[in-house]
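Fold and contact review
Now for the letters of each chain:
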Amino acid sequence: QVQLVESGGGLVQSGGSLRLSCAPSRNIFSIYTMGWHRQAPGKQRELVTTITRGGTTNYADFVKGRFTISRDNAKNTVYLQMNSLKPEDTAVYYCNAGMVVDGIWNDVWGQGTQVTVSS
């Protein structure tokens, strides 16, 4: 089974920056749209941003101008550069990707990485 592995979370002060990364546990040649969701304690999971295989991006309003999603298709890796972080950005951030594995479409989620922004 293919897994997505996130890294880069941590504790940062308000106004600081973090960069998250996400890659599959083994090489996959047919990865399509990738993205990030987040879930704060007691809240529903919400979409943060997505990026297609061709590089078209989509952002939630609350991160526009602060977060940037990018991907390196050669490395099968998606990144989330987070700048000007706010305490309300505190959440577990989950990577998500659509991919074809052994001829079957899979919507795969990572285990999540904690981002904590202090006030």
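The coordinates are above.
Just so you know, these numbers come straight off a predicted model, no measurement behind them.

1. A closer look at the pattern of salt bridges
Counted according to the given criterion, the structure contains four salt bridges. One salt bridge in this structure joins Arg38 and Glu46, with 2.9 Å as the shortest N-O distance. The class for Glu46 is partly exposed, based on a relative accessible area of 31%. A salt bridge links Asp89 to Arg66; the nearest nitrogen and oxygen atoms lie 2.7 Å apart. Taken together, the residues span a long stretch of sequence, with Asp89 in the loop between strand S8 (77-82) and strand S9 (91-101) and Arg66 in the loop between strand S6 (57-59) and strand S7 (67-72) at a distance of 23 residues. Of the two residues, Asp89 and Arg66, neither departs from the other in class, the shared state being buried.

2. A word on the nonpolar core
Among the nonpolar cores identified, the biggest contains 29 residues, and Trp36, Phe67, Val78, Leu80, Met82, Tyr93 and Met99 are the most heavily contacted of them. When contributions to this core are tallied by element, the ones reaching two or more residues are strand S3 (18-24), strand S4 (31-39), strand S5 (46-51), S7, S8, S9 and strand S11 (113-118). Among the elements that make up this core, the one with the highest residue count is S9 (six residues). The contact partners of Met82, leaving out residues within four places of it in the chain, are Gly16, Ser17, Leu18, Leu20, Arg66, Phe67, Tyr93 and Val115.

3. Brief notes about the environment of Gly112
By secondary structure assignment, the location of Gly112 is in the loop between strand S10 (104-109) and S11. A relative accessible area of 16% places Gly112 in the buried class. In the structure, Gly112 is positioned 76 residues away from Trp36 in sequence and 9.7 Å away in space, judged by C-alpha atoms.

4. What to know about the environment of Asn58
Within the fold, Asn58 resides in strand S6. Given a relative accessible area of 38%, Asn58 falls into the partly exposed group. C-alpha separation for the pair Asn58 and Thr68, spaced ten residues apart in sequence, amounts to 9.7 Å. Beyond its immediate chain neighbours, meaning those up to four positions away, Asn58 contacts Leu47, Val48, Thr49 and Thr50.

Scoring rules and cut-offs
- Residues numbered from 1 in each chain as written.
- Predicted model: local features only at pLDDT ≥ 70, side-chain atom pairs only at ≥ 80, totals over all residues.
- Heavy atoms only, no water.
- Salt bridge = Lys/Arg side-chain N within 4 Å of Asp/Glu carboxyl O.
- Buried < 20%, exposed > 50% of the residue type's maximum accessible area, 1.4 Å probe, protein only.
- Helix = DSSP H or I, 4+ residues; strand = E, 2+ residues; numbered from the N terminus.
- Core = buried A, V, L, I, M, F, W, Y, C linked by side-chain atoms within 4.5 Å.
- Contact = heavy atoms within 4.5 Å.

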